[in-house]
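Descriptive structure summary
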There are 2 protein chains.
Amino acid sequence: MHIIDKIKNIIQKNNSLVCVGLDSEFSKIPAHLQNEQYPQFSFNKAIIEATHDLVCAYKPNTAFYEAQGEKGILELKMTCDYLNVNYPEILIILDAKRADIGNTNNGYVKFAFDYLQTDAITLHPYLGQEALKPFLDNSEKGAIILCRTSNSGSGEFQNLQVGDKKIFEIVAEKVINEWNKNNNCLLVLGATYPEELKSIRTLSDNMFFLVPGIGAQGGDLEKTLEAGLNSQKSGLIINSSRGIIFADNSEDFAPKAREEALKMKVEINKYRT
Amino acid sequence: MHIIDKIKNIIQKNNSLVCVGLDSEFSKIPAHLQNEQYPQFSFNKAIIEATHDLVCAYKPNTAFYEAQGEKGILELKMTCDYLNVNYPEILIILDAKRADIGNTNNGYVKFAFDYLQTDAITLHPYLGQEALKPFLDNSEKGAIILCRTSNSGSGEFQNLQVGDKKIFEIVAEKVINEWNKNNNCLLVLGATYPEELKSIRTLSDNMFFLVPGIGAQGGDLEKTLEAGLNSQKSGLIINSSRGIIFADNSEDFAPKAREEALKMKVEINKYRT
């Protein structure tokens, strides 16, 4: 299935633009799970069971699994397998922020799409389109290019002026006009910069944007939606990680995560009618 | 030990600027090793035993290990452990090309420095200095920032003009003048762009540059050395991956790798006297 069809189908089915970031840092998961054989997987499974009808996507960030070595990688795979078996319609975004030269990117393609069987991967733009060809060529998988990231220092490079444009605007234009031949590109635009999100939305009504930075990072949901929704009242995949998965760290963490995800879904959908 | 002391010590001890890239792609390693329990590790061990007195560094690229899933990550760790136990003076560069927001980079720090115990990691500059703080703060570990990469399409962004400078020049200036407070930064400058290497060398005589692109990628060793050596006839860590490790894929691959590494070391040292 084309990646964009998969995205549109799950947004429609669950009536949700919510993405839950599975940033399941070992030291932050509830104490009663830390002694289990597969603590990160057990945690993720509970979060998934509590929220799967409320989301369009899950987004595990590789850093939190790599931190645990080969065991973490196995638990990341177990998480993706669990999703693919039980909820195959839900998008899995591998937040890996990779990008190497072309020949080497084939290794990351195998990791993300053959081994983990995720649906999309986040990518740095710095090496250019030619290097990212192994990702861009596969219309069944999403290539989500970093454009304006949510961190406070992202402007150091992303706001540099190239002629009458900023670098993040050039990234957006290149991705929208040149890299997206297979209609499988998305852009990362942080919720912490709604003005920038708004300016990029004017360049493409169709393209989906992955929006991190809601919740713990301080991004504002209302401003994000006013700036980023397209003419279909869609076009955004809005991520919250810590604000949902670590809303509570007692044995009741899962129902509390559901509560936060539901609140976010309802709040978003107020702006979509 | 400060990372720069470690680099200088091994360059002096082995009288070598050669870095061997352990891009040990499973499908390319000799057939007789592919059925072993740990084929990537067995291959690396043989390459290390054949070349350890000729190099200043080994540079495994994570993509080729991630492609094999959790087993590949384990074999990457076995490779790093083998080096740390047997040749602790040799630099291990994790070619991972990571970079996320600060909080998340802590996970990659754990992966690279606590779990794998490597000495340095390659990083994308796009998120800026603030995001890379977890790497920049540790003076015992090298932060190797991508500046002008070796791929043919690297100019798409890296050559964009910002005022009277190109983006890769701005990256170099920022790293040299602002990010390098702990004297632990290096830059990646591809051998395929000797003019660019030369222009960045004029900005810093002291900084070490990691130079990929020799060998299979077509970079010219003579031009690289003329452009990049500093006033001490040093300052470069010159990588060859496929040209050394896959010089031969029979059972004699290891002596053939030694031959190629020795040839490269001798050729480089002609320009250092």
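See the structure printed just above.
So, a few notes on the structure that sits alongside this text. (Residues numbered from 1 in each chain as written. Chains lettered and ligands numbered in written order. Predicted model: local features only at pLDDT ≥ 70, side-chain atom pairs only at ≥ 80, totals over all residues.)

A few points about the overall build of chain A
Worth spelling out the cut-off: Helix and strand assignments come from DSSP, with helices taken as H or I runs of at least 4 residues and strands as E runs of at least 2, each series counted from the N terminus. The quantity called the radius of gyration is restricted to C-alpha atoms. Its globule counterpart is 2.2 Å times the number of residues to the power 0.38. Counting other C-beta atoms within 10 Å of a residue's own tells you its class, since 20 or more makes it buried, 12 or fewer makes it exposed, and anything in between is partly exposed; those C-beta atoms are placed from the backbone. Throughout, a residue-residue contact means that the two C-beta atoms, derived from backbone geometry, are no farther apart than 7 Å.
Helix and strand counts for chain A come out as 13 helices and 10 strands. Scaling as 2.2 N^0.38, a compact globule of 273 residues should have a C-alpha radius of gyration of about 19 Å, and chain A matches this with 18 Å. In terms of overall dimensions, chain A has a C-alpha envelope of 55 × 45 × 35 Å along the principal axes. For chain A, with 273 residues in total, the buried portion stands at 58%. Sequence separation of 24 or more characterises 72% of the internal contacts of chain A that already satisfy a separation of 6 or more.

Details of the relation of the copies chain B and chain A
Which entries qualify depends on this criterion: A least-squares fit on C-alpha atoms brings the copies together, and the residues used are those whose pLDDT is at least 70 in both copies.
For the pair chain B and chain A, the superposition axis carries a translation of 0.0 Å, the fit reaches an RMSD of 0.0 Å, and the rotation angle comes to 180°. Expressed as a symmetry operation, the mapping of one chain copy onto the other fits a two-fold axis. Here 100% of the interface residues in chain B have copies in chain A that are interface residues too; the copies meet face to matching face.

Things to note about the packing of helix α10 (residues 194-201) of chain B against helix α11 (residues 221-228) of chain B
Residue and element names in this part refer to chain B. We apply this condition: Fitting a line to C-alpha atoms yields each axis, with helices limited to the stretch in contact; the angle taken between N-to-C directions then spans 0 to 180 degrees. Angular relationships are summarised with four words: roughly parallel below 35 degrees, roughly antiparallel beyond 145, roughly perpendicular across 65 to 115, and oblique for the angles in between. Helix crossings get a hand from a simple test, with the near helix turned counterclockwise from the far one by less than a right angle marking a left-handed crossing and a clockwise turn marking a right-handed one. Gly is placed with the polar residues, together with every amino acid not listed as nonpolar (Ala, Val, Leu, Ile, Met, Phe, Trp, Tyr, Cys and Pro) or charged (Asp, Glu, Lys and Arg).
The contact between α10 and α11 brings their axes to 8 Å, and the two run at 15°. As far as their axial angle goes, α11 and α10 are roughly parallel. For the element pair α10 and α11, the recorded crossing hand is right-handed. On the side of α10, the interface is formed by Pro194, Leu197, Lys198 and Arg201, while α11 contributes Lys223, Thr224, Ala227 and Gly228. When the residues that make up the contact of α10 with α11 are grouped by side-chain class, the tally is three nonpolar, two polar and three charged.

Some thoughts on the nonpolar core
Counted only if it meets this: Nonpolar core, as used here: buried Ala, Val, Leu, Ile, Met, Phe, Trp, Tyr and Cys residues forming one set through C-beta atoms within 7 Å.
Within the largest apolar cluster, 184 residues are counted, with the highest numbers of intra-cluster contacts made by Val18(A), Ile145(A), Val18(B) and Ile145(B). Residues in contact with Val18(A), not counting those within four places in the same chain, are Leu54(A), Val55(A), Cys56(A), Ile238(A), Ala261(A), Met264(A), Lys265(A) and Ile268(A).

Overview of helix α13 (residues 253-270) of chain B
Residues and elements named next belong to chain B. Condition: To estimate how far a helix should reach, multiply one less than its number of residues by 1.5 Å. Starting at the helix axis, one direction is taken to each C-beta atom, and the arc is that of these directions.
Across its 18 residues, α13 extends 26 Å between first and last C-alpha, which sits within 8% of the 26 Å expected from 1.5 Å per residue. Those residues of α13 not exposed but buried are Phe253, Ala254, Ala257, Glu260, Ala261, Met264, Lys265 and Ile268. One side of α13 carries all its buried residues, which in axial view fall inside an arc of 135°. Facing away from the buried side of α13 by over 90 degrees, the exposed positions are Val266 and Lys270. Looking at the buried side of α13, the elements it contacts are β1 (18-22), α3 (39-51), α11, β10 (236-240) and α12 (242-245).

Here's the deal with the interface of chain B and chain A
With 44 residues of chain B at the contact, the number on the chain A side is 44 residues. Broken down by element, the residue count for the side of chain B that touches chain A peaks at eight residues, all from helix α6 (residues 102-115) of chain B. Of the residues contributing to the side of chain B that touches chain A, the split by class is 19 nonpolar, 16 polar and nine charged.

Comments concerning the environment of Glu49(B)
The residue Glu49(B) is located in helix α3 in this model. The spacing of Glu49(B) and Asn182(B) is 133 residues in sequence and 33 Å in space, taken between C-alpha atoms.

Describing the sheet that holds strand β1 (residues 18-22) of chain A
Residue and element names in this part refer to chain A. The test is simple: For two strands to be treated as a pair, DSSP must find at least two bridges joining them.
Taking strand neighbours around the barrel as the criterion, the eight strands line up as β1-β2-β3-β4-β5-β8-β9-β10 in a closed arrangement whose pairing is parallel. If you compare each strand with its neighbour and ignore which way they point, the axes differ by 30° on average. The pairing of strand β8 (residues 185-189) with strand β9 (residues 209-211) spans two bridges and is parallel. The residue bridging Leu187 from the neighbouring strand is Phe209, located in β9. Each of β1 and β10 (236-240) is contacted by helix α13 (residues 253-270), which is oriented at about 150° to β1, the strand it contacts most.

Details of the pairing of β1(A)
Residues and elements named next belong to chain A. Taking burial as the measure, the five residues of β1 include five buried ones, the bulk of the element. Burial along β1 is two-sided: Val18, Val20 and Leu22 facing one way and Cys19 and Gly21 facing the other are all buried. As paired elements, β1 and β10 share three bridges and run parallel to each other. Note that in β10 the partner of Cys19 across the bridge is Asn239. Sheet analysis places β1 next to strand β2 (residues 57-60), joined by four bridges and oriented parallel. The residue of β2 that forms the bridge with Cys19 is Ala57.

A few points about unusual backbone geometry
Residues and elements named next belong to chain A. The phi angle at Gln117 is positive, at roughly 55°, despite the residue not being glycine. One can find Gln117 in the loop between α6 (102-115) and β4 (120-123). Taking the number of C-beta atoms within 10 Å as the measure of exposure, Gln117 has 15 and is therefore partly exposed.

Quick word on the packing of helix α5 (residues 69-86) of chain A against helix α5 (residues 69-86) of chain B
Here α5(A) crosses α5(B) at 170°, and the two axes come no closer than 8 Å. The pairing of α5(A) with α5(B) is recorded here as roughly antiparallel in orientation. Of the residues in α5(B), those touching α5(A) at Gly69(A), Glu70(A), Ile73(A), Leu74(A) and Lys77(A) are Gly69(B), Glu70(B), Ile73(B), Leu74(B) and Lys77(B). Class assignment of the residues belonging to the contact of α5(A) with α5(B) gives a composition of four nonpolar, two polar and four charged.

Re helix α1 (residues 3-14) of chain B
Note: α-helices contain 3.6 residues per turn, so residues at a spacing of three or four share the same orientation. Along its 12 residues, α1(B) runs 17 Å from first to last C-alpha, staying within 8% of the 16 Å computed at 1.5 Å per residue. At the exit of α1(B) stands Asn15(B), carrying a positive phi of roughly 45°.

Examining the sheet that holds β1(B)
Working definition: the strands of a sheet are paired by backbone hydrogen bonds and lie parallel or antiparallel to each other. Reading around the circumference, β1-β2-β3-β4-β5-β8-β9-β10 (chain B) is the order of the eight strands in this closed barrel, with parallel pairing throughout. The sheet shows a mean angle of 30° between the axes of neighbouring strands, direction not considered.

Notes on the environment of Asn151(A)
Here Asn151(A) shows up in the loop between β5 (142-148) and α8 (155-158). With 24 C-beta atoms counted inside 10 Å, the residue Asn151(A) sits in the buried group. For the pair Asn151(A) and Leu17(A), spaced 134 residues apart in the sequence, the C-alpha separation amounts to 22 Å. The residues touching Asn151(A), leaving out its near neighbours within four places in the chain, are Ile101(B), Gly102(B), Leu127(B), Glu130(B) and Ala131(B).

Observations concerning the pairing of β10(B)
Regular strands place side chains that alternate from one sheet face to the opposite one. All names here are of chain B. To keep it simple, the criterion reads: Crossovers are described as right-handed under a simple rule: with the strands pointing away from the observer, the path leading from the first strand over the helix to the second runs clockwise.
In terms of burial, β10 is largely enclosed, as five of its five residues are buried. Two elements, strand β9 (residues 209-211) and β10, share three bridges in a ladder whose sense is parallel. From the neighbouring strand, Phe209 faces β10, where its bridge partner is Leu236. Considered for its hand, the β-α-β crossover made up of β9, α11 and β10 is right-handed.

Considering the environment of Ala46(B)
For Ala46(B), the location among the structural elements is in helix α3. Sequence separation between Ala46(B) and Gly142(B) is 96 residues, and the spatial gap between their C-alpha atoms is 26 Å.

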